[in-house]
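# Observations on the three-dimensional arrangement
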Amino acid sequence: MPNRTTPLTPARPADSGPRRALAGLLGGPAPILTSAVLWGTTGTAGSLAPAGAPAAAIGCAGLTLGGLLLFLTSRGARSLPAACTRAERWLLVLGALAVAGYPVTFYPAVARTGVAVATVIALGSAPVFAGLLSWLTGHARPTARWTCATAAAVLGCTLLVLGPELTGHATPMDLTGVALAACAGLSYAAYSLIGGRLITREHSSDAVMGVLFGAAGLLVLPLFLFVDTHWLATTRGAAVAVYLALFTVYLAYRLFGHGLRHTPASVATTLTLAEPAVAAVLGVTVLDERLPAASWCGLAVLALALVLLTAPAGSGRRAR
């Protein structure tokens with residue numbers, strides 16, 4: 001059984017390399033990529049909400065329900081603030097504010113610039129912000145591998161999401177919407193970095209994610225006083241809200257927190273650029289959308305960048 005090996009068990013050096021590589025993949029990149037797949041279904045699920053449902057209300061509903069569920073079901077979440085140092089408690093506060101800031105900035109950006117532009121700016125800027133924040137705080141210096149993979153992933157993401165725009169007529173750019181989307185990318189990078197730092201300090205990943213998202217859910221709850229919530233009373237609206245809460249918040253961020261224990265936040269945010277790829281594929285297969293050649297090229301570049309990041313470093317040398 002795993003973790004039960006005794007000194008009487010003979011060692012098998014020939015298998016240590018592949019097993020170590022597999023454990024590294026399953027311990028870090030795989031949960032994060034699975035989270036990105038789940039996040040990629042958000043747009044398709046949101047499109048199934050009743051007509052007239054405000055985009056901000058859809059995002060806040062998912063965060064509130066999923067965040068509170070994460071908090072209530074995460075072991076150690078209630079006792080985490082008491083177990084933290086004073087500096088770590090401030091990190092929890094900043095992390096919760098960053099989590100709450102994402103839907104507050106992203107969904108208005110979508111309304112002003114459209115899904116394509118807001119998505120590529122938010123998701124494309126997040127790994128850049130994460131790398132810069134890690135560097136500025138002295139947590140980690142960007143590596144050449146991360147720099148190349150992130151540049152390729154951002155390029156692929158841009159081609160994928162903006163492919164239809166690149167092949168059509170140019171439209172005026174809403175600078176306020178662009179700024180809001182960039183703020184969303186900064187929020188995502190910030191809470192990924194904060195969550196990863198707390199987790200690497202031996203705090204439970206479930207507890208950290210539970211506190212961050214539970215507190216963020218409470219922070220955005222007052223926003224429901226200013227938006228239309230009648231759509232939640234319908235069967236379709238309730239189903240969409242429950243799906244977003246269970247799969248794109250609760251399950252996705254539980255996996256994401258587990259992955260952050262073994263993966264730097266700068267790498268994690270680059271890996272989650274798989275989200276627009278999943279969203280694009282679902283748009284083609286489920287919503288009957290069509291992608292131009294530029295978008296398919298972007299999908300290929302993005303896939304290569306993700307392979308570069310997920311491949312264990314030095315695996316080729318170990319295999320020799």
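Here we summarise the structure given alongside this text. Along every chain, residues carry numbers that run from 1 in the direction the sequence is written. Side-chain atom pairs in this predicted model are given and counted only at pLDDT of 80 or more, local residue features only at pLDDT of at least 70, and totals for whole chains, interfaces and linings cover all residues. Side-chain figures throughout are based on the complete set of non-hydrogen atoms in the structure, without hydrogens or water.

### Observations regarding the packing of helix α9 (residues 175–200) against helix α11 (residues 235–260)
Formally: Between the N-to-C directions of two axes lies an angle of 0 to 180 degrees, each axis being a line fitted to C-alpha atoms and, for a helix, fitted only over the stretch in contact. Runs of H or I in DSSP of at least four residues are treated as helices and runs of E of at least two as strands, each being numbered from the N terminus. Between 65 and 115 degrees an angle is taken as roughly perpendicular, under 35 as roughly parallel, over 145 as roughly antiparallel, and anywhere else as oblique. Left-handed describes a crossing whose near helix is turned anticlockwise from the far helix by less than a right angle; the clockwise case is right-handed. Contacts are assigned to residue pairs that have any heavy atoms within 4.5 Å of one another. For this classification, Asp, Glu, Lys and Arg are treated as charged, while Ala, Val, Leu, Ile, Met, Phe, Trp, Tyr, Cys and Pro are nonpolar and the rest, including Gly, are polar.
Running from N to C, α9 and α11 point in directions that differ by 60 degrees, and their axes come no closer than 9 Å. Between α9 and α11, the interaxial angle falls into the category oblique. In the packing of α9 onto α11, the handedness of the crossing is right-handed. Contacts between α9 and α11 involve Tyr188, Tyr191, Ser192, Gly195, Gly196, Ile199 and Thr200 from the first element and Tyr253, Phe256, Gly257 and Leu260 from the second. Partitioning the contact of α9 with α11 into residue classes produces six nonpolar, five polar and no charged.

### Examining the pattern of salt bridges
Convention followed: Definition used for salt bridges: Asp or Glu carboxyl oxygen within 4 Å of a side-chain nitrogen of Lys or Arg.
In the structure shown here, the tally under the stated rule is two salt bridges. For arginine 201, the salt bridge identified is with glutamate 88, shortest N-O distance 3.6 Å. Here the residue arginine 201 occupies a position in the loop between α9 and α10 (205–220), and glutamate 88 occupies one in helix α6 (residues 86–113), the gap between them amounting to 113 residues. A salt bridge links aspartate 206 to arginine 254; the shortest N-O distance between them is 2.9 Å. Placement of the pair is aspartate 206 in helix α10 and arginine 254 in helix α11, with a sequence separation of 48 residues.

### Here we look at α11
The condition that has to hold: An expected span of 1.5 Å times one less than the residue number is assigned to each helix. Axes are fitted to the seven residues ending at a residue and to the seven starting at it; the angle between these axes is taken as the bend at that residue.
With 26 residues, α11 should reach 38 Å at 1.5 Å per residue; the first-to-last C-alpha distance of 36 Å fits that figure. Considering bend angle alone, the principal kink of α11 is centred on alanine 252 and spans about 30 degrees.

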